[in-house]
Amino acid sequence: ATEYRMACLGMRGNAYGALVLNGRGDVMEIQPLRPQYMKLDRDSAGRLVFDYQEPGAARVYAKDRMWYTRGFGTDGVAGLSPIAVHREAIGYAMTLNEHGSRLFANGAQVGSTIEIPGEWSDTAFNNFKEDFNKQHGGRLNAGKPLILEGGAKFHSIGLSSVDAEFIASLKNAVAEVARIYRIPLHMLNELDKATFSNIEHQSLEFVTRTLLPWLKRELRLVHECIAD
């Protein structure tokens, strides 16, 4: 239930749970509700009510029957979706990921070339290709010396400037999304600038600046329930 609430907060900015009480008024269960079906209204007295509109489970909940946590918002009532607020950064990351998938799926990267002077006959070319694959193809032949004839030259192709910039853009996209949720990069297996000392410090910051604000929100609800 806690993971579901955090997923709702991370994607929708709001998490709702209906309080199920026993005959003495004690909370026996918290039923998770889907935030996309929730609409917040006010009754004639100005009190906040929760109008849940899921097909087959529609119901209106009073504030004292709702376990409600919201993220950052501007109206003091509902939280804003982090995905909607940062849609440009997230869309940029998705576009880069899609581009990379198409690029590598199509086998567009060439690791090396063999330059052959002049023009070979089909027979000579096929013989060379067959012999090359036999001598150097596969995992067991990796690292064997390459012997070329007839003036042929081997050229190794590294990353182009475009490829290098693409990889850098992917890393920046990861950092942009991590920044939205205040997650240290080392927790996403991005260790380029990580050291033993700064990882410890960043882990402490993750507790104090990321987890603690959410925990305070949940504790506030616990205190409200106890007071009621």
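Scroll up to find the structure.
First, a word on what this report is: a plain description of the structure on this page. Keep in mind the model is a prediction, meaning the values are calculated, not measured. (Residues numbered from 1 in each chain as written. Predicted model: local features only at pLDDT ≥ 70, side-chain atom pairs only at ≥ 80, totals over all residues. Heavy atoms only, no water.)

## Quick notes on the overall build of the protein
Link 1 in the chain: Helices and strands together make up the secondary structure of the protein, namely six helices and eight strands.
Link 2 in the chain: Counting the 228 residues in the protein, one finds 23% classified as buried.
Link 3 in the chain: Relative to all contacts within the protein whose residues are 6 or more apart in sequence, the contacts with residues 24 or more apart total 53%.
Link 4 in the chain: On the protein, roughly 16300 Å² of surface is accessible, and the fraction owed to carbon and sulfur atoms is 56%. (Helix = DSSP H or I, 4+ residues; strand = E, 2+ residues; numbered from the N terminus. Buried < 20%, exposed > 50% of the residue type's maximum accessible area, 1.4 Å probe, protein only. Contact = heavy atoms within 4.5 Å. Areas by Shrake-Rupley, 256 points an atom, 1.4 Å probe, with all protein chains shown as cover.)

## Structural notes on the sheet that holds strand E3 (residues 38-42)
Link 1 in the chain: Pairing in this open sheet of three strands is antiparallel, and the strands run E3-E4-E5 from one edge to the other. If you trace the sheet from one side to the other, it starts and ends with E3 and strand E5 (59-62), each paired once. The mean angle between the axes of side-by-side strands here comes to 30°, regardless of whether they run parallel or antiparallel.
Link 2 in the chain: Note that E3 and strand E4 (residues 48-52) share five bridges and pair antiparallel. Considered in E4, the bridge of leucine 40 is made with phenylalanine 50. (Pairing = 2+ DSSP bridges. Axes fitted to C-alpha atoms, helices over the stretch in contact; angles between N-to-C directions.)

## Observations concerning the nonpolar core
Link 1 in the chain: If you look at the biggest cluster of nonpolar residues, it comprises 11 residues: Tyr16, Ala18, Leu33, Met38, Leu48, Phe50, Tyr52, Tyr61, Met66, Tyr68 and Val77.
Link 2 in the chain: Only strand E1 (14-21), E4 and strand E6 (66-70) provide two or more residues apiece to this core.
Link 3 in the chain: When residues in this core are grouped by element, the largest group, three residues, is from E4.
Link 4 in the chain: Not counting the four nearest positions on each side in its chain, tyrosine 61 is found in contact with Ala18, Leu33, Val49, Phe50, Tyr52 and Met66. (Core = buried A, V, L, I, M, F, W, Y, C linked by side-chain atoms within 4.5 Å.)

## Focus: the environment of arginine 12
Link 1 in the chain: Tracing the chain through its elements places arginine 12 in helix H1 (residues 2-12).
Link 2 in the chain: In the structure, arginine 12 is positioned 58 residues away from arginine 70 in sequence and 9.2 Å away in space, judged by C-alpha atoms.
Link 3 in the chain: Residues in contact with arginine 12, not counting those within four places in the same chain, are Ala7, Pro35, Gln36, Gly79, Leu80, Ser81 and Pro82.

## Things to note about the packing of aromatic side chains
Link 1 in the chain: Applying the stated criterion to the full structure yields four aromatic pairs.
Link 2 in the chain: Consider the rings of tyrosine 16 and tyrosine 68, whose centres lie 4.9 Å apart with planes at 0°: the pair is stacked. Remark: tyrosine 68 occurs in strand E6 and tyrosine 16 occurs in strand E1; sequence separation between them is 52 residues. No difference in accessibility class separates tyrosine 16 from tyrosine 68, as the two residues are buried.
Link 3 in the chain: Site record: aromatic cluster; members linked through ring pairs are Tyr16, Phe50 and Tyr68.
Link 4 in the chain: Positioned over the ring face of tryptophan 214 is arginine 217, at 4.7 Å from the centre of the ring. (Phe/Tyr/Trp six-rings, centres within 6.5 Å; stacked < 30°, edge-to-face > 60°. Lys NZ or Arg CZ within 6 Å of the ring centre and 35° of its normal.)

## Notes on the sheet that holds strand E2 (residues 27-33)
Link 1 in the chain: An order of E2-E1-E6 is seen for the three strands of this open sheet, with the pairing classed as antiparallel. This sheet does not close on itself; its edge strands, each paired only once, are E2 and E6. The average angle at which neighbouring strand axes cross in this sheet is 25°, direction not considered.
Link 2 in the chain: Sheet analysis places E1 next to E6, joined by five bridges and oriented antiparallel. For tyrosine 16, the partnering residue across the bridge sits in E6 and is tyrosine 68.
Link 3 in the chain: H1 contacts E1, E2 and E6 of the sheet and is inclined by roughly 145° relative to E1.

## Concerning the pattern of salt bridges
Oppositely charged side chains can pair when the atoms bearing their charge come close.
Link 1 in the chain: One pass over the structure, following the stated rule, counts five salt bridges.
Link 2 in the chain: The partner of aspartate 26 in a salt bridge is arginine 24, with the nearest N and O atoms 3.3 Å apart.
Link 3 in the chain: Here glutamate 54 ties to arginine 34 by a salt bridge, and the two come within 3.4 Å at their closest N and O atoms. Here glutamate 54 is found in the loop between E4 and E5, whereas its partner arginine 34 is found in the loop between E2 and E3, with 20 residues between them in sequence.
Link 4 in the chain: According to the relative accessible area criterion, glutamate 54 is buried, its value standing at 19%.
Link 5 in the chain: When its relative accessible area of 35% is taken as the criterion, arginine 34 is described as partly exposed. (Salt bridge = Lys/Arg side-chain N within 4 Å of Asp/Glu carboxyl O.)

These figures capture arrangement, not role.
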